[in-house]
Structure formats: structure tokens, C-alpha cells
Amino acid sequence: MSEIRITPSILNADLANLDSEIAKISNVADLLHLDIMDNKFVPNQTWNFAEAEAIIKASPLPVDAHLMISDPDIQAPKYAEVGCKSVTVHYEATENLKQTLQSIRRAGARAAVGIKPKTDFSVLLEYRDLIDMILIMTVEPGFGGQKFMADMMHKVSTSRDFIGDADIWLQVDGGISAETIEIAREAGADTFVAGSAVFKAADPAAMVLKLKELATK
């Protein structure tokens, strides 16, 4: 069984008290998921690069940056350079995916690529040797708190077969909760983004541990 990673997204945390929110899960989570949106690629806006850099440098957890932006080819290496553990770009937004993945790796981070629900998995076939993580979106990117799309599990299973024994993480993002994580794990995912389920819980740390337990059954 591959290692299980829980990566809470701070998109649904109390942003006015971000340090204390992150502290709640810092001893139990594997990475901190940082959603970067520019109101162009998706209809929502979060942090600019300077704001994100401050979060990355202050985080007690390694950061998993998810770039939902219109110019990832330019921006992605910068996130790696300031210390992200993993940087995800979207296939749909890149102009030169090969070059961008190579640039992320050269800057010291794991290079990841995400695909939206309507994007066929086959677009990733030629990039296997350049990918350190595949992100299957289980909601339309842009907003937290959306309903889990169970019909994306066939794409997760296809990804798992494609990965084989390679050191490639398989992440799902969108609607992951105590009710859905086992479905995603059974399909082959090993890295789980959970936002609302964690930060809206009475005890975020306990929820992270519960999710990990459910995924390791």
C-alpha cells in the first residue's frame, strides 16, 4: 500500500487567524495545501505571490501549492524557489507543460499536474517521466465546499494504472470528507486535499487523523 498523505486546504480556514488555524493541524497533517487563484483561470481570487510567499515561509508544514492561474509557466518555478515541497500546474492553463514541469523540478520542488473534470486523462500520457504527482479534480476548480464528483473515480483508477510502480503521488481535490475519502482511496488515490471537512470541524486535528485512518483501512 502506498503512503497516505492528508493535505488540508486553507481555502476554508479562518483567514483572519491563519497562523492559529495552521497550527491546529501542523502536528498531524502531511502538507499544507495552498490554493492560488487569479480570477482568470477560475472565477475566484485568493493570494498573490507576495502573500503566498509569506504563508509558505511561515508554514510549519511543507507546502503543496495548487496554481489555478492563467500564467503558470511563468509563476510555477517561483513557488518552488521560495520553498514549496510540491507545485501543481493545470494542464489546461499551460502553454509548455514539459518545460514548466522541468523548471519546477530544477527549482527543487515536486512537479505536479492537475486536470479538470472535463479534461480526459489521456492528455498526460506523454509526460509520465516529468510528473511527480497527478491531481485529479473531483470538483470544478475555483471554490471550496463543493460536492464530491464520484464519477471522477474512473479517472483516478486510470491514473493509478498509469503510475504503476513509479514514484508518482496521486492526489484528489474536491469534496473530500469522512464520507468520501474511502471511495477515492479505493480508486487508487494516496494524497487527499480536504478543506471544509477539516477546518469546519470542531477539532481540525482530530478530523485529519480520522481521514488518515479511513484512508488506511
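Look above for the structure.
The rules behind the values
- Residues numbered from 1 in each chain as written.
- Predicted model: local features only at pLDDT ≥ 70, side-chain atom pairs only at ≥ 80, totals over all residues.
- Heavy atoms only, no water.
- Buried < 20%, exposed > 50% of the residue type's maximum accessible area, 1.4 Å probe, protein only.
- Helix = DSSP H or I, 4+ residues; strand = E, 2+ residues; numbered from the N terminus.
- Arc of directions from axis to C-beta.
- Contact = heavy atoms within 4.5 Å.
- Polar contact = N/O pair within 3.5 Å; in protein donor to acceptor, adjacent residues only side chain to side chain.
- Pairing = 2+ DSSP bridges.
- Axes fitted to C-alpha atoms, helices over the stretch in contact; angles between N-to-C directions.

> Please explain helix α2 (residues 49–58) as it appears in this structure.
Since the α-helix turns once every 3.6 residues, residues separated by three or four places project in the same direction. Where α2 is concerned, the buried positions are Ala52, Ile55 and Ile56. One side of α2 holds all its buried residues, which, seen down the axis, span an arc of 100 degrees. In α2, those exposed residues whose orientation departs by more than 90 degrees from the buried face are Ala50, Lys57 and Ala58. Taken together, the buried residues of α2 touch α1 (18–25), β2 (32–37), β3 (63–68) and α3 (72–81). Two or three places before alanine 50, at the opening of α2, asparagine 48 has a side-chain oxygen 3.2 Å from that residue's backbone nitrogen.

> How should I be thinking about the side chain of threonine 94 in this particular structure?
For threonine 94, the position within the fold is in the loop between β4 (86–90) and α4 (97–106). Here tyrosine 91 takes part through its backbone oxygen, which lies 3.1 Å from a polar atom of the side chain of threonine 94. Beyond its immediate stretch of four places on either side in the chain, threonine 94 contacts Pro72, Asp73 and Val89.

> Help me understand the sheet that holds strand β5 (residues 110–115), please; the structure alone is not making it clear to me.
Strands pair in a sheet through their backbones, by hydrogen bonds, and they do so in one of two ways: parallel or antiparallel. Across the sheet, 8 strands lie side by side as β1-β8-β7-β6-β5-β4-β3-β2; this open sheet has parallel pairing. For this open sheet the edge positions go to β1 (5–8) and β2, each flanked by a neighbour on one side alone. For this sheet the average axis-to-axis angle between neighbouring strands, irrespective of direction, equals 25 degrees. Sheet topology places β1 next to strand β8 (residues 191–194); 4 bridges connect them, and they run parallel. Along β8, the bridge assignment pairs arginine 5 with threonine 191. This element, α3, spans β2, β3 and β4 of the sheet and lies at about 170 degrees to β4.

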